Amino acid sequence: MYAMQGLTSLEAIAIWVVFGIAIIGLLYAVFLRSQILKEDKGTPKMQEVWGAIKDGADAYLRKQLRSILPLIGILTVALFFSVYIVPPSPEAMQRFAGQSEASVRFIIGIARALAFVMGAGFSLTVGQIGMRMAVQGNVRVAAASKRSFGDALRIAYRAGTITGMLTDGLGLLGGTLIFILLGIAAPDALLGFGFGGTLLALFMRVGGGIFTKAADVGADLVGKVEAGIPEDDPRNPAVIADLVGDNVGDCAGMAADIFESYEVTIVSGLILGLALWHITNRLEWIIFPLMVRGIGVLSSIFGTYVVKSEPGKSGNAMAAIFRGFLSSAAISAALFFIAGFFYLNTSAMNQWGGWWRTPMTVFVGVLLAILIDRLTEYFTGTEASPVNEIKKAADTGPATLILQGIASGFESSVWSVIVIALTIVASIFIMGTIPGLDAGQRVSFILYGVAMTGIGMLTLTGNNVAMDSFGPISDNANGIGEMAWSGMEDKETKDAQQIMADLDAVGNTTKAITKGVAIGSAVIAAVSLFGSFLVDVSRAQAGLGIPAGQQIQAIGIRVDIPQVFVGMLIGGALPWLFSSFAIQAVSRAASLIVMEVRRQFKLGVLEGKVPPDYKQAVEISTTAAQKELVSLALLGIVTPIVVGLLLQVEALGGFLAGIILSGQLLAVFLNNSGGAWDNAKKLIEDEPKDPKNNTGKGSERHKAGVVGDTVGDPFKDTAGPALNPMIKVVNLVAVIIAPIIVQYEGATGAALYTVWAVALILLGLLGWAVIRSKAPAPDMAK
């Protein structure tokens, strides 16, 4: 089998070692799970609150799965038949030499469909198991806060690390397994694997984001602003829905989001590595990305385990977490160059510019992750000036506070784009200066460098996901403590509440940081997929006999061609339409939550005459979230197909360029402005309560902060994060359909009528998605 794939015995051993490392990553997650489950779950009252959160989260995920399974089934069948529209790739024919073309089509069709199901299944597994472990962790963190800051930090971070290692292990396991089975034909199936993971991430991001922010906004507006009760007050009927939302949105949604970025970067890396294989006849370009991913898993295991704080009632959680991140980064960077020296330092590879170039691009990706980490912390952290300026703006009311947050978000987008642009420039200098390349080869090498940057950026996925899950785990622990210890004023309880408040504030920053990394990786992955799009279009054009000088890689995508410019305009507009629908969904559902909470308050919940009915708010949020799942997903799936069919493949390239730029700017703005408003509110809450000086909880400044936080909630937890998988869904769909569009360019007669009929049907489907997204939610409050 390996001779057929062109692997040496050493390379075969290396691939199996990488496969083994994926298993080790999963075993490490199992080991951490056993540690977490041994921890104390606290008092019966704490366990009662925890049980309500757990039941609500489980019910939501079951209903979500039932909503999306039909579309998954339809797309599985569509991906199988997609290989019958265009001829099999030369790599597939070479891999299965001796088989007929019909047999190869069937094998690749089955492989692509099964890989799609596997990608979707792995993404679902990461999200669901990760969320359940976060739920298991939050009550234990609350109990540990009674003992020490260090214990609470350790449990919260390691519970999040379980999700991180599932992401690492399953992502590496799937990609490596497909390569073992298919060899150089693996990219045909890896497209399905990446599409499955990305689509599930989009579902979980959209649904979870709508659920969590509808409950959060509704609970805050009536509870904090109108009734003046504390956050997570047990009398608030929406408080359990809010805590459930933290898990289904931030845990399940973010885990699936980063998992699909992990998948997509390896997919684009292997496709572009295959393009270099055609140029150089060397398989190292394909195998080294898998080795890098194996190194990342080992580095994350070490770095996540060393995150701990000194014993006592206080500590610096952010410093401990970042220390673990830097430890993993240092180990992985050293191992990249060691692996590159021993594997790539051969006479054959040194003909292509030297062994150091590929490890250097990976190292640039690690630096990019650190830079975005620091940049996001600056714009959303409580210590830096942007958040403190927003806090100061609360002196003059909610309008100035919101304006200051918008300005800060706009600025953060600019710096984020500059950092990513410098990263791509670094790839130009590293890979584009290889002597002896012609213009087309130079572009292929540069795009491969960008893909390796993305792989490097997500090398520390275990650390990134652990940081993200730490946020909702700490938030839920804080909420459980607030509800279970309501009215208790002893010193031990106050110390525990302060520990959880400190961890919660750090968790807000870590969530913003990992969202920043997710957005940055989405853009790098999208640029890599854009390179894959150019490669696949050129290969399809070559198959039709189009000369190399007239292929898209040689002539590029010219924006002075009207239909290309139209495609770019549509691509730039799509993220805004998508975000509009997502935020509208939150607004509609939050209005229902507000009415429901007001109704229960009128019945005497605040006075203790009747107990709060938590289930009603959970049901409202669940119903609203399910309503939007399919319609918003269709915007990402159908739009690129329609653009390609009606405006041709060059316009589709312009469409991809527009969505990458516009989506990046908008996503960073939404993420950072929302995170900054949230932490500004928390800074106001930490002030001493003094009505005379208008400080602390319940003050007018606090109410202004709550309004800003409420506006920012759907920004940072719904629309912004959901743009990441949406951008990659669009790019993956474009890569999959590009050869089909090339095949039918210039069609006449019956073929032309068929293309137009399909385009009209898809336009109708888009119209249905728009109408459904704008329709009002069922009035559950009645």
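Residues numbered from 1 in each chain as written. Predicted model: local features only at pLDDT ≥ 70, side-chain atom pairs only at ≥ 80, totals over all residues. Heavy atoms only, no water.

Observations concerning the overall build of the protein
Moving on, step 1. Counting its secondary structure elements, the protein contains 22 helices and zero strands.
Moving on, step 2. Scaling as 2.2 N^0.38, a compact globule of 782 residues should have a C-alpha radius of gyration of about 28 Å, and the protein matches this with 26 Å.
Moving on, step 3. Principal axes of the C-alpha set define a box for the protein whose edges measure 80 × 55 × 45 Å.
Moving on, step 4. Looking at the protein as a whole, 64% of its 782 residues are labelled buried.
Moving on, step 5. Within the protein, contacts between residues at least 6 apart in sequence are counted, and of these 86% link residues at least 24 apart.
Moving on, step 6. Looking at the protein as shown, the accessible area adds up to about 26200 Å², and 66% of this sits on carbon and sulfur atoms.
Moving on, step 7. In the protein, 56 side chains carry a positive charge and 60 a negative one; their mean positions are 3 Å apart. (Helix = DSSP H or I, 4+ residues; strand = E, 2+ residues; numbered from the N terminus. Rg over C-alpha atoms; globule rule 2.2 N^0.38 Å. Buried < 20%, exposed > 50% of the residue type's maximum accessible area, 1.4 Å probe, protein only. Contact = heavy atoms within 4.5 Å. Areas by Shrake-Rupley, 256 points an atom, 1.4 Å probe, with all protein chains shown as cover. Lys, Arg positive; Asp, Glu negative; His and termini not counted. Charge placed at Lys NZ, Arg CZ, Asp CG, Glu CD.)

Here we look at the pattern of salt bridges
Pairing is possible between side chains of opposite charge, provided their charged atoms come close.
Moving on, step 1. Under the criterion given, the structure shown has 29 salt bridges.
Moving on, step 2. With a closest N to O distance of 3.4 Å, aspartate 58 and arginine 132 form a salt bridge. Of this pair, aspartate 58 sits in helix α3 (residues 44–82) while arginine 132 sits in helix α5 (residues 101–144), and the two are 74 residues apart along the sequence.
Moving on, step 3. For aspartate 58, a relative accessible area of 13% translates into the label buried.
Moving on, step 4. Put simply, aspartate 536 and arginine 539 hold a salt bridge, and the shortest N to O gap is 3.7 Å. In this pair, aspartate 536 and arginine 539 are both assigned in helix α17 (residues 491–543), three residues apart and thus about one turn of the helix distant.
Moving on, step 5. Under the relative-accessibility criterion, aspartate 536 is labelled buried at 11%.
Moving on, step 6. Here arginine 539 falls in the partly exposed class, since its relative accessible area comes to 29%.
Moving on, step 7. When salt bridges with common partners are traced through the structure, they connect Lys213, Asp216, Asp678, Lys681, Asp709, Asp713, Lys716 and Asp717 into a single cluster. (Salt bridge = Lys/Arg side-chain N within 4 Å of Asp/Glu carboxyl O.)

Focus on empty space enclosed by the protein
Moving on, step 1. By the definition in use, this model includes five cavities of 30 Å³ or more.
Moving on, step 2. Each pocket or cavity is described by its volume, and for the largest cavity that value is around 130 Å³.
Moving on, step 3. Taken together, 18 residues form the lining of the largest cavity, with Lys213, Asp216, Glu231, Asp475 and Asp678 sitting closest to its centre.
Moving on, step 4. Among the residues forming the lining of the largest cavity, the class breakdown is one nonpolar, one polar and 16 charged. (1 Å grid on protein atoms, 1.4 Å probe; cavity = no way out; pocket = protein on both sides within 12 Å on 5 of 7 lines; lining within 4 Å. Points joined across faces, edges and corners; volume = space filled by probe spheres on them. Nonpolar A, V, L, I, M, F, W, Y, C, P; charged D, E, K, R; others polar.)

Remarks on helix α22 (residues 749–774)
Moving on, step 1. Between the first and last C-alpha of α22 there are 38 Å, a value that for 26 residues agrees with the 38 Å anticipated at 1.5 Å per step.
Moving on, step 2. Three or more residues of α22 are buried, namely Val755, Ala759, Leu762, Leu766, Ala769 and Ser773.
Moving on, step 3. In this fold, the buried residues of α22 make contact with α19 (562–602), α20 (614–685) and α21 (700–744). (Expected span 1.5 Å × (residues − 1).)

A closer look at the packing of aromatic side chains
Any aromatic ring pair is given by two values, namely how distant the centres are and how the planes are angled relative to each other.
Moving on, step 1. Inspection of the entire model under this criterion finds 23 aromatic pairs.
Moving on, step 2. An angle of 90° between the planes, with centres 5.5 Å apart, marks the rings of tryptophan 285 and phenylalanine 445 as edge-to-face. Taken together, the residues tryptophan 285 in helix α9 (residues 284–305) and phenylalanine 445 in helix α15 (residues 439–457) connect sequence positions 160 residues apart. Per residue, the accessibility class of tryptophan 285 equals that of phenylalanine 445, and both read buried.
Moving on, step 3. Site record: aromatic cluster; members linked through ring pairs are Phe80, Phe81, Tyr84 and Phe106.
Moving on, step 4. Cation over ring: arginine 293 sits above tyrosine 262, and NZ or CZ is 3.9 Å from the ring centre. (Phe/Tyr/Trp six-rings, centres within 6.5 Å; stacked < 30°, edge-to-face > 60°. Lys NZ or Arg CZ within 6 Å of the ring centre and 35° of its normal.)

A few points about helix α16 (residues 461–484)
Moving on, step 1. Helix length check: α16 (24 residues) gives 34 Å between terminal C-alpha atoms against 34 Å at 1.5 Å per residue, within 8%.
Moving on, step 2. With 23 of 24 residues buried, α16 lies mostly within the body of the structure.

Some remarks on the nonpolar core
Moving on, step 1. Ranked by internal contacts, the top residues of the largest apolar core, which has 254 residues, are Phe195, Phe203, Phe288, Leu503, Phe533 and Phe578.
Moving on, step 2. Among the elements that take part in this core, α20 stands out by supplying 31 residues, more than any other.
Moving on, step 3. Beyond its immediate chain neighbours, meaning those up to four positions away, phenylalanine 533 contacts Ile557, Val649, Leu652, Gly653, Leu656, Ala734, Val735 and Ala738.
Moving on, step 4. Ile258, Leu458, Val465 and Ala518 belong to the second largest nonpolar core, which has five residues in total. (Core = buried A, V, L, I, M, F, W, Y, C linked by side-chain atoms within 4.5 Å.)

Details of the environment of alanine 152
Moving on, step 1. With respect to the element layout, alanine 152 can be found in helix α6 (residues 149–182).
Moving on, step 2. Each C-alpha atom, one on alanine 152 and one on glycine 353, is 50 Å from the other, the two residues being 201 residues apart in sequence.
Moving on, step 3. In contact with alanine 152, other than residues within four places in its own chain, are Val141, Ala144, Ser145, Ile499 and Leu503.

Things to note about unusual backbone geometry
Across the chain, the bulk of peptide bonds are trans and the bulk of non-glycine residues have phi less than zero.
Moving on, step 1. Backbone geometry at asparagine 281 places phi at a positive 60°, although glycine is not the residue there.
Moving on, step 2. On the secondary structure map, asparagine 281 appears in the loop between α8 (239–280) and α9.
Moving on, step 3. Judged by its relative accessible area of 58%, asparagine 281 falls in the exposed class.

Here's the deal with the environment of serine 67
Moving on, step 1. Along the chain, serine 67 turns up in helix α3.
Moving on, step 2. Once the C-alpha coordinates of serine 67 and glycine 208 are considered, the two residues, 141 residues apart in sequence, prove to be 13 Å apart.
Moving on, step 3. Beyond its immediate chain neighbours, meaning those up to four positions away, serine 67 contacts Gln626, Leu629 and Val630.
Moving on, step 4. A distance of 3.1 Å separates the side chain of serine 67 from the backbone oxygen of lysine 63, its partner in a polar contact. (Polar contact = N/O pair within 3.5 Å; in protein donor to acceptor, adjacent residues only side chain to side chain.)

Here's the deal with a nonpolar patch on the surface
Moving on, step 1. A cluster of nonpolar side chains, Val77, Phe81, Tyr84, Phe106, Ile110 and Leu114, forms an exposed patch at the surface whose accessible area comes to about 570 Å².
Moving on, step 2. Going through the elements one at a time, α3 and α5 are the ones with two or more residues in the nonpolar patch.
Moving on, step 3. Ranked by the residues each element gives to the nonpolar patch, the list is headed by α5, at three residues.
Moving on, step 4. Among the secondary structure elements, leucine 114 is positioned in helix α5.
Moving on, step 5. Judged by its relative accessible area of 56%, leucine 114 falls in the exposed class. (Patch = residues over 30% accessible without salt bridge, like charges linked within 9 Å, V, L, I, M, F, W, Y side chains within 5 Å.)

Here we look at the packing of helix α7 (residues 186–226) against α8
Moving on, step 1. Relative orientation of the contacting elements α7 and α8 amounts to 160°, with a least axis distance of 7 Å. The orientation of α7 relative to α8 falls into the category roughly antiparallel. In this structure, α7 meets α8 at a crossing whose hand is left-handed.
Moving on, step 2. Taken together, the residues of the contact of α7 with α8 sort by class into 19 nonpolar, nine polar and seven charged. (Axes fitted to C-alpha atoms, helices over the stretch in contact; angles between N-to-C directions. Parallel < 35°, antiparallel > 145°, perpendicular 65-115°, else oblique. Left-handed = near helix turned anticlockwise from the far one by under 90°.)

Remarks on the confidence of the model for the protein
In low-pLDDT segments, the atomic positions of the prediction should not be examined closely.
Moving on, step 1. Chain-level statistics for the protein give a pLDDT mean of 85 and a share of 97% at 70 or above.
Moving on, step 2. Ranking the elements of the protein by mean pLDDT puts helix α1 (residues 2–5) last with 45 and helix α14 (residues 398–431) first with 92. (pLDDT = per-residue confidence, 0-100.)

Description of the side chain of asparagine 478
Moving on, step 1. Within the fold, asparagine 478 resides in helix α16.
Moving on, step 2. Classification of asparagine 478 by relative accessible area gives buried; the value is 10%.
Moving on, step 3. A polar atom in the side chain of asparagine 478 sits 3.2 Å from the side chain of aspartate 504.
Moving on, step 4. With near-sequence residues (within four places) excluded, asparagine 478 lies in contact with Asp232, Gln497, Met500, Ala501 and Asp504.

Considering the environment of leucine 27
Moving on, step 1. Mapped onto the secondary structure, leucine 27 falls in helix α2 (residues 9–37).
Moving on, step 2. Note: C-alpha distance between leucine 27 and leucine 763 (736 residues apart in sequence) is 47 Å.

Description of the side chain of threonine 280
Moving on, step 1. Within the element layout of this structure, threonine 280 appears in helix α8.
Moving on, step 2. A relative accessible area of 10% places threonine 280 in the buried class.
Moving on, step 3. A distance of 3.3 Å separates a polar side-chain atom of threonine 280 from the backbone nitrogen of arginine 282.
Moving on, step 4. Apart from the residues within four sequence positions on either side, threonine 280 is in contact with Trp285, Trp352 and Phe445.

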